[in-house]
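# Survey of secondary and tertiary structure
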Amino acid sequence: MTNQIHARLLIIDFGSQVTQLIARRLRELNVYCEIHPYQNVTEAFLKDFAPKAVILSGGPASVIDEGSPRPPKAVFTLGVPVLGICYGQQVMMQMLGGMVERGHGTAEFGRAYVTQTDARLDLLNGWFLEDKEQVWMSHGDHVSAIAPGFEVYGTSPNAPFAITADTARNFFAVQFHPEVHHTPNGKTLYENFVRLAGFSGDWTMGAYREEAIRKIREQVGDDHVICALSGGVDSSVAAVLIHEAIGDQLTCVFVDHGLLRHNEAEEVVTMFRDHYNLPLIHANESELFLGELDGVSDPETKRKIIGGLFIDVFQKYAAEIEGAKFLAQGTLYPDVIESVSFSGGPSVTIKSHHNVGGLPEKMGLKLVEPLRELFKDEVRALGHELGLPASFIGRHPFPGPGLAIRCPGEITLPKLEILRQADAVYIDQIRRHALYDEIWQAFVAILPVRTVGVMGDGRTYDYACALRAVTSVDGMTADYYPFSHEFLGETATRIINEVEGINRVTYDITSKPPGTIEWE
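Remember, predicted model here, so these are calculated numbers, not experimental data.

Conventions we followed
Residues numbered from 1 in each chain as written. Predicted model: local features only at pLDDT ≥ 70, side-chain atom pairs only at ≥ 80, totals over all residues. Heavy atoms only, no water. Pairing = 2+ DSSP bridges. Helix = DSSP H or I, 4+ residues; strand = E, 2+ residues; numbered from the N terminus. Axes fitted to C-alpha atoms, helices over the stretch in contact; angles between N-to-C directions. Contact = heavy atoms within 4.5 Å. Phe/Tyr/Trp six-rings, centres within 6.5 Å; stacked < 30°, edge-to-face > 60°. Core = buried A, V, L, I, M, F, W, Y, C linked by side-chain atoms within 4.5 Å. Buried < 20%, exposed > 50% of the residue type's maximum accessible area, 1.4 Å probe, protein only. Salt bridge = Lys/Arg side-chain N within 4 Å of Asp/Glu carboxyl O. Expected span 1.5 Å × (residues − 1). Arc of directions from axis to C-beta. Disulfide = S-S within 2.5 Å. pLDDT = per-residue confidence, 0-100.

An order of 14-13-12-15-16 is seen for the five strands of this open sheet, with the pairing classed as parallel. The sheet terminates laterally at strand 14 (280–284) and strand 16 (366–368), the two strands that pair on one side only. Ignoring which end each strand starts from, the neighbouring axes of this sheet average 30 degrees apart. Direction of pairing for strand 13 (residues 250–256) relative to strand 14: parallel, over a ladder of five bridges. Counted as the bridge partner of cysteine 252 is leucine 280 from strand 14. In the packing of helix 5 (residues 205–220) onto the sheet, the strands contacted are strand 12 (224–229), strand 15 (324–328) and strand 16, and the crossing angle to strand 16 comes to about 165 degrees.

And the structure:
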């Protein structure tokens, strides 16, 4: 969403998997920013965008290699502050007259400590809480000579130029990643940078709401929109926002694909018809979806099938709605980043999402995606702004493909029913112990294996399941929730006793990365 009202910060993306976290940190500071891949940032683009500051992201390439990514030279003649991060530091040094060399024992990956060498830098105000500050490094190459005009303000054991700056031109460069959780005080650097750049912090969810409504009206005109309503927070906030913009020009279509949680279809239909007064079509298409998924075990194939069927279903109902020319989705920024490179950028695809990767090129409907550039917590803030109940906004995320990606291997009706029951017991346990709001997302995955067990005096040969619960800020990184052994034992006992078909319970303690939150 190009914003013409607020001062804008430009993030030039060189392909780092955590570039979007830079935007996340800046939005916490109420600074409007946009990420654009380096190949799209031309001199003409810079003139039109008119950024108040520029950040150069990290990336997987080596500036030493021929043809490696570069920003336009005009970035350094705009007269605005520039901050280079990791690869961004290296490309800044290389282009402005410094030198970068390959590793040779100086690579750093993971936790490191930076020591301040000069306190006379506004970027570092309040950042060094002790003599050394913990940071997160991820670099093979290193700066071996800084560019003319730059001075050194911080070093680490393998990065002698960990923090450099040319204060006359307001150019700053750091070898580490201040945007990630593992740089605990990284937010302070961004606070200082946007203050130096003169941002007033006037971009809020209230402002986003007004601008999004205006853009929806401009895009849609007098045409009709059908909204892909899943009942989750994302699609629900999108629906309420679009309804506020265009009223009766919106019809919501709730697709029951047979992959929902226990009693979820009834709850969603009742909530939106009775409480929000939104036009809603309940499309019970479970036989269609489960029929097409019969015998399918590959996770990407599952996602593609579900994504394609979603579009088919919407096209079918759109044909029955006069003037329907738009399909609205609750697509979020992390969906876009993980599915394809943002705006054609160089980041690596991790997995496709049903509401991005499954879209055919010619679907017959134009897309309305008002949340496409928001993170999950920003969507919740927008939901509060729109007046949705706090209890609803705080619901854990639920993926569009539903239980299909929590059922590794082939999907069958008996397995889905076992999974629904186990998940209901697990969530009930979490709520009983008042842990629900401490957890970002929790669910059960039914494993594609059977195990031997003993119940009473008899032998069982039933499914194993895995409990998953994570903490996160934005869904891009996550840690497992540290349940007590007492909780896990009690939960396992309840599932095995109350759910016929499961005789073994495990707990997934994998973080993201290296894992993903969902199992498929």
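Okay, the packing of aromatic side chains next. Tallied over the entire structure, the rule returns 15 aromatic pairs. Aromatic side chains tyrosine 32 and tryptophan 203 sit 5.5 Å apart centroid to centroid with 65 degrees between the ring planes, which places their arrangement in the edge-to-face category. Here tryptophan 203 lies in the loop between helix 4 (186–197) and helix 5 and tyrosine 32 lies in strand 2 (residues 32–37), a separation of 171 residues in the sequence. Where phenylalanine 45 meets phenylalanine 49, the ring centres are 5.4 Å apart and the plane angle is 20 degrees; that geometry is what we call stacked.

What follows concerns the nonpolar core. Core analysis: the biggest nonpolar cluster contains 100 residues, and Ile226, Leu371, Leu382, Tyr426, Ile430, Phe483 and Ile495 have the highest contact counts within it. Leave out the neighbours within four places in its chain, and isoleucine 226 touches Leu250, Thr251, Val253, Phe314, Ala318, Ile321, Ala324, Phe326, Leu327, Ala328 and Leu365. Among the nonpolar cores identified, the runner-up in size contains 43 residues, and Cys33, Ala112, Leu123 and Ala162 belong to it.

This brings us to the pattern of salt bridges. Counting across every chain of the model gives 22 salt bridges. In this structure, arginine 209 and glutamate 385 form a salt bridge, with 3.5 Å as the shortest nitrogen-oxygen distance. Residue arginine 209 is located in helix 5, and its partner glutamate 385 is located in helix 11 (residues 376–386); the two are separated by 176 residues in the primary sequence. For glutamate 385, a relative accessible area of 36% translates into the label partly exposed. Put simply, Arg24, Arg25, Glu28 and Asp377 are held in one network by salt bridges that share partners.

Further remarks concern the environment of leucine 447. With respect to the secondary-structure elements, leucine 447 resides in strand 17 (residues 441–455). Residue class for leucine 447 comes out buried when judged on its relative accessible area of 13%. As for leucine 447 and proline 408, which are separated by 39 residues in sequence, their C-alpha atoms are 6.1 Å apart. For leucine 447, the contacting residues outside a window of four places in its chain are Tyr463, Ala464, Cys465, Ala466 and Trp519.

This next bit is on helix 14 (residues 485–498). Look at helix 14: 20 Å from first C-alpha to last across 14 residues, which is about the 20 Å you get at 1.5 Å a residue. For helix 14, the set of buried residues is Phe487, Leu488, Thr491, Ala492, Arg494 and Ile495. Buried residues along helix 14 cover an arc of 165 degrees about the axis, so they all sit on one side. Turned more than 90 degrees away from the buried face of helix 14, the exposed residues are His485, Glu486 and Asn497. On its buried side, helix 14 packs onto helix 13 (413–432), strand 18 (458–471) and strand 20 (502–507).

A complete count under the given rule lists zero disulfides for this structure. Its sulfur unpaired, cysteine 227 is 4.6 Å from the next cysteine sulfur, which belongs to cysteine 252. Free cysteine: cysteine 465, not disulfide-bonded; nearest cysteine sulfur from cysteine 407 at 12 Å. On the basis of relative accessibility, which here comes to 0%, the residue cysteine 465 falls in the buried class.

In terms of burial, strand 18 is largely enclosed, as ten of its 14 residues are buried. Strand direction decides the pairing type here: strand 17 and strand 18, joined by twelve bridges, are antiparallel. Bridge pairing in strand 18 links threonine 451 to aspartate 462. Across five bridges, strand 18 lies against strand 20 in parallel orientation. What sits directly across from alanine 464, in strand 20, is arginine 504. Bridging between strand 18 and strand 19 (residues 479–480) involves two bridges; their strand directions are antiparallel. Paired with threonine 471 across the strands is aspartate 479, a residue of strand 19.

Put simply, the protein chain has an average pLDDT of 87, and 92% of its residues get 70 or more. Residue range residues 340–354 is modelled with pLDDT below 50. Its contacts to residues more than four positions away, or to other chains, number 54 contacts. Of the regions scoring below 50 in pLDDT, residues 356–362 engages in 13 contacts with residues more than four places distant in sequence or in other chains.

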